[in-house]
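A look at the structure
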Amino acid sequence: MAKVEKDNKETIKVPSALSRIAPKSVSYFIFILWTLITIAPLFWMTYSSFKTNEELTKNIYAWPKELFSFKKAKLDVVPPQTNIYYPKGFLEKLGIESSKDLKKINEKLLILESPNIGGHKRIKVHFLLRDDISPDVVTSDGRVLKDLQPGTDVQILVSDLPRKFQNKFSWQTIWWNYTSAWARGELAMKFLNSIIYTVVSTILVVLLGLMLGYGTTKFKFKKASAIIAALVGLGYLLDVNQLLVPLFLMLTNLHLTDTHIGIILVYTAFGLPMAVMLSSTYIRGLPYSLVESAYIDGATPFRTFISIIVPMTIPVIVTISIMTALGIWNEFLLVLVMASKEGTKSLPVGVYSFSSRTGIQLGWQIAALIIATLPVLVIYFIFQKKLAEGVAGGAIKE
């Protein structure tokens, strides 16, 4: 700290350059560190979703290789087996009624597998219709591709295939984790269920939370408001995981387990305390003269709520919506316990489904995580400004 002396012998302390720079440097360091801690897992997940299970097991930090070097690989010609996964309706289009009809499948299809992907488990195979292969196409060692029969040591080079098949199989291989996760994990239905749970529950939480916040702050029912505030405070202290067993028993008696309605009701009930606290704090700061003016003009309480309260509470509505939606979208344990049918499971449960006692398909699981994370990131970046306005406007207060 430098010192400056005036004529009257007073000493004024002037901050040194180091003392001015140090706080700013620490702030930047913390911000950069926080950014790295946040972004690094997402970056790792993104590039790891293009790695095989074997690559992830061997070195989880290495760059993906096998799925991108497909055109230089060798392929085994494998016989039809019952454990091979055929796309839905694929065999029916060929006039094959069952996957157990191995002879007919071999007559129609040439089945190829990369020995470096899947570890000979027949989880990554390519199908070539023999009728689509020209009799003139031969392998590098002189064999007719169309007439190849499966065997122990029967291999071909990817470069032996016609160009259109090389490009097709290459793209299928690169995006293999994503297509396998989507198809085998039946993520389409689970993705739709997550949207239903999130959208419907968030709408109910916002609507009921605003109504309760409006009623407890602008209506002159002090005792009722105090009781509601006490119940809301108690509900805010409770977590859905703490009450999982009694909730399950209660919904079972009401025949609401394994239903969309039952799960939505639970999400709404546990989302209301936060919504009421935020909305009541925000609405309490609005001038009561606006409500009185509406009543003088003949507006009903509901009309006042729709025409005045809702438009003026957009920041808090956005804040509640984002916080509630993100919580429901990422919620896992409730649906795992309450939903046993595939038709009611959500996306986080679908991600978990790739883990079993016999093993874990890490590549598929990471790809499913990316699929589940992308909507969250998109929604956050779209409404980031609104969320900041809600916080700055008093939507969240201590």
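In this report, we go over the structure that sits alongside the text. (Residues numbered from 1 in each chain as written. Predicted model: local features only at pLDDT ≥ 70, side-chain atom pairs only at ≥ 80, totals over all residues. Heavy atoms only, no water.)

Moving on, we get to the overall build of the protein chain. In terms of regular secondary structure, the protein chain is built from 17 helices and eight strands. Excluding contacts between residues fewer than 6 apart, the proportion of contacts in the protein chain whose partners are at least 24 apart in sequence is 65%. Just so you have it, the protein chain exposes about 23,400 Å², and 65% of that area is on carbon and sulfur atoms. (Helix = DSSP H or I, 4+ residues; strand = E, 2+ residues; numbered from the N terminus. Contact = heavy atoms within 4.5 Å. Areas by Shrake-Rupley, 256 points an atom, 1.4 Å probe, with all protein chains shown as cover.)

This part is about the pattern of salt bridges. All chains considered together, the criterion is met by two salt bridges. Glu-342 serves as the salt-bridge partner of Lys-345, at 3.2 Å between the closest nitrogen and oxygen. On the basis of relative accessibility, which here comes to 18%, the residue Lys-345 falls in the buried class. Each of Lys-190, Glu-342 and Lys-345 takes part in one network of salt bridges that share partners. (Salt bridge = Lys/Arg side-chain N within 4 Å of Asp/Glu carboxyl O. Buried < 20%, exposed > 50% of the residue type's maximum accessible area, 1.4 Å probe, protein only.)

Now for the pairing of strand 3 (residues 74–77). Pairing analysis gives three bridges linking strand 3 to strand 6 (residues 155–157), with the strands arranged antiparallel. Across the sheet, residue Asp-76 finds its bridge partner in strand 6, namely Gln-155. Pairing of strand 3 with strand 4 (residues 109–113) involves two bridges; the strand directions are antiparallel. Within the sheet, the bridge partner assigned to Val-77 lies in strand 4 and is Leu-112. (Pairing = 2+ DSSP bridges.)

Below, the discussion takes up empty space enclosed by the protein. Under the counting rule described, the total for this entry stands at one cavity of 30 Å³ or more. Computed from the structure, the largest cavity encloses a volume of approximately 30 Å³. Lining the largest cavity we find Val-77, Val-78, Pro-80, Ile-105, Asn-106, Leu-109, Leu-110, Ile-111, Arg-130 and Pro-150. In terms of residues, the lining of the largest cavity owes the most to one element, strand 4, which gives three residues. Along the lines of polarity and charge, the residues of the lining of the largest cavity split into eight nonpolar, one polar and one charged. (1 Å grid on protein atoms, 1.4 Å probe; cavity = no way out; pocket = protein on both sides within 12 Å on 5 of 7 lines; lining within 4 Å. Points joined across faces, edges and corners; volume = space filled by probe spheres on them. Nonpolar A, V, L, I, M, F, W, Y, C, P; charged D, E, K, R; others polar.)

This paragraph deals with helix 16 (residues 362–382). Helix length check: helix 16 (21 residues) gives 30 Å between terminal C-alpha atoms against 30 Å at 1.5 Å per residue, within 8%. Along helix 16, the sharpest change in direction is near 25 degrees and occurs at Thr-373; proline Pro-375 comes one to four residues later. Along helix 16, the residues classified as buried are Gly-363, Trp-364, Gln-365, Ile-366, Ala-367, Ala-368, Ile-370, Ile-371, Ala-372 and Val-376. (Expected span 1.5 Å × (residues − 1). Bend = angle between axes of the 7 residues up to and from the residue.)

Bringing the packing of aromatic side chains into the picture now. This structure, assessed with the given rule, holds 19 aromatic pairs. Residues Tyr-47 and Trp-63 carry aromatic rings whose centres are separated by 4.7 Å and whose planes lie at 40 degrees to one another, so their mutual orientation is tilted. Here Trp-63 lies in the loop between helix 2 (53–58) and strand 3 and Tyr-47 lies in helix 1 (residues 17–48), a separation of 16 residues in the sequence. Residue classification places Tyr-47 among the buried positions, given a relative accessible area of 12%. Here Trp-182 and Phe-191 contribute two aromatic rings whose centre-to-centre distance is 6.1 Å and whose plane-to-plane angle is 55 degrees, an arrangement assigned as tilted. Residue class for Phe-191 comes out partly exposed when judged on its relative accessible area of 21%. (Phe/Tyr/Trp six-rings, centres within 6.5 Å; stacked < 30°, edge-to-face > 60°.)

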